[in-house]
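# An overview of the molecular structure
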Amino acid sequence: MPITDKSKSNIKSIQGAYKTNGRDNENEVVVISKLSKTQYRIENPRQWDGVGIFDGTIYFGIFRYKNTMKYEPFRGIFGMHRAAFREDGSFEVHGTFLSGELQDDEFDVVWIPQ
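Here is what the cut-offs are and how they apply
Residues numbered from 1 in each chain as written. Predicted model: local features only at pLDDT ≥ 70, side-chain atom pairs only at ≥ 80, totals over all residues. Heavy atoms only, no water. Helix = DSSP H or I, 4+ residues; strand = E, 2+ residues; numbered from the N terminus. Rg over C-alpha atoms; globule rule 2.2 N^0.38 Å. Buried < 20%, exposed > 50% of the residue type's maximum accessible area, 1.4 Å probe, protein only. Contact = heavy atoms within 4.5 Å. Areas by Shrake-Rupley, 256 points an atom, 1.4 Å probe, with all protein chains shown as cover. Lys, Arg positive; Asp, Glu negative; His and termini not counted. Charge placed at Lys NZ, Arg CZ, Asp CG, Glu CD. Pairing = 2+ DSSP bridges. Axes fitted to C-alpha atoms, helices over the stretch in contact; angles between N-to-C directions. Salt bridge = Lys/Arg side-chain N within 4 Å of Asp/Glu carboxyl O.

### So, the overall build of the protein chain
Within the protein chain, the secondary structure is distributed over one helix and eight strands. Element order for the protein chain, N to C, with α for helix and β for strand: α-β-β-β-β-β-β-β-β. A compact globule built from 114 residues would reach a C-alpha radius of gyration of about 13 Å, and the protein chain, at 14 Å, matches this within 12%. Along the first, second and third principal axes, the C-alpha set of the protein chain runs to 45 × 30 × 20 Å. Out of the 114 residues in the protein chain, the part that is buried amounts to 36%. Contacts in the protein chain between residues far apart in sequence, at least 24 positions, make up 28% of those at least 6 positions apart. Of the accessible surface of the protein chain, which amounts to about 7,100 Å², a share of 49% is contributed by carbon and sulfur atoms. Once the 15 positive and 16 negative side-chain charges of the protein chain are each reduced to a mean point, those two points are 8 Å apart.

Take a look at the structure:
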């Protein structure tokens, strides 16, 4: 069901830093920055960049691995994230790779606020 203009004003900001699966490793940090009321930039500063929308319950976006990434097979690969916002402020994330050697591979992680 689409959100209404009234519900958009009640959407919680999700910007901040998150740990992937709770790991305390700088390679596993996800940073979310607000671009507009419902649009966000999302990145793992060392590995990938992305953008997407958040309707108050679901984040949906696309991502692309950086060409400077250390692990060469991932360079330039892109995909999509669908992340369900949980009551504790974390996200249950499902991703799908849409290009490269990993095309059609899927993954599931949890982003936990730092």
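### Section: the sheet that holds strand β8 (residues 106–113)
Ordered by their spatial adjacency, eight strands build a closed barrel running β1-β2-β3-β4-β5-β6-β7-β8, and the pairing between neighbours is antiparallel. Each neighbouring strand pair of the sheet contributes to a mean axis angle of 30 degrees, computed without reference to strand direction. Here four bridges tie strand β2 (residues 29–34) to strand β3 (residues 39–44), and the two strands are oriented antiparallel to one another. Bridge assignment links S33 to a residue of β3, and that residue is R41.

### Notes on the pattern of salt bridges
Where charged atoms from two side chains of opposite charge approach closely, those side chains can pair. Using the criterion set out here, one finds six salt bridges in the structure. Two residues, E28 and R23, come together in a salt bridge whose shortest N-O distance is 3.2 Å. Of the residues examined, R23 reaches a relative accessible area of 41% and is grouped as partly exposed. With a closest N to O distance of 3.9 Å, D49 and K66 form a salt bridge. Taken together, the residues D49 in strand β4 (residues 48–54) and K66 in the loop between β5 (58–65) and β6 (78–85) connect sequence positions 17 residues apart. Residue class for D49 comes out partly exposed when judged on its relative accessible area of 24%. In this structure K66 comes out as buried when scored by relative accessible area, which is 17%.

### Digging into unusual backbone geometry
Here N21, not a glycine, exhibits a phi torsion of approximately 55 degrees, which is positive. Here N21 shows up in the loop between β1 (16–20) and β2. When its relative accessible area of 35% is taken as the criterion, N21 is described as partly exposed. Positive phi values are uncommon outside glycine, yet D104 reaches one of about 75 degrees. Along the chain, D104 turns up in the loop between β7 (91–97) and β8. Note on D104: relative accessible area 57%, which makes it exposed.

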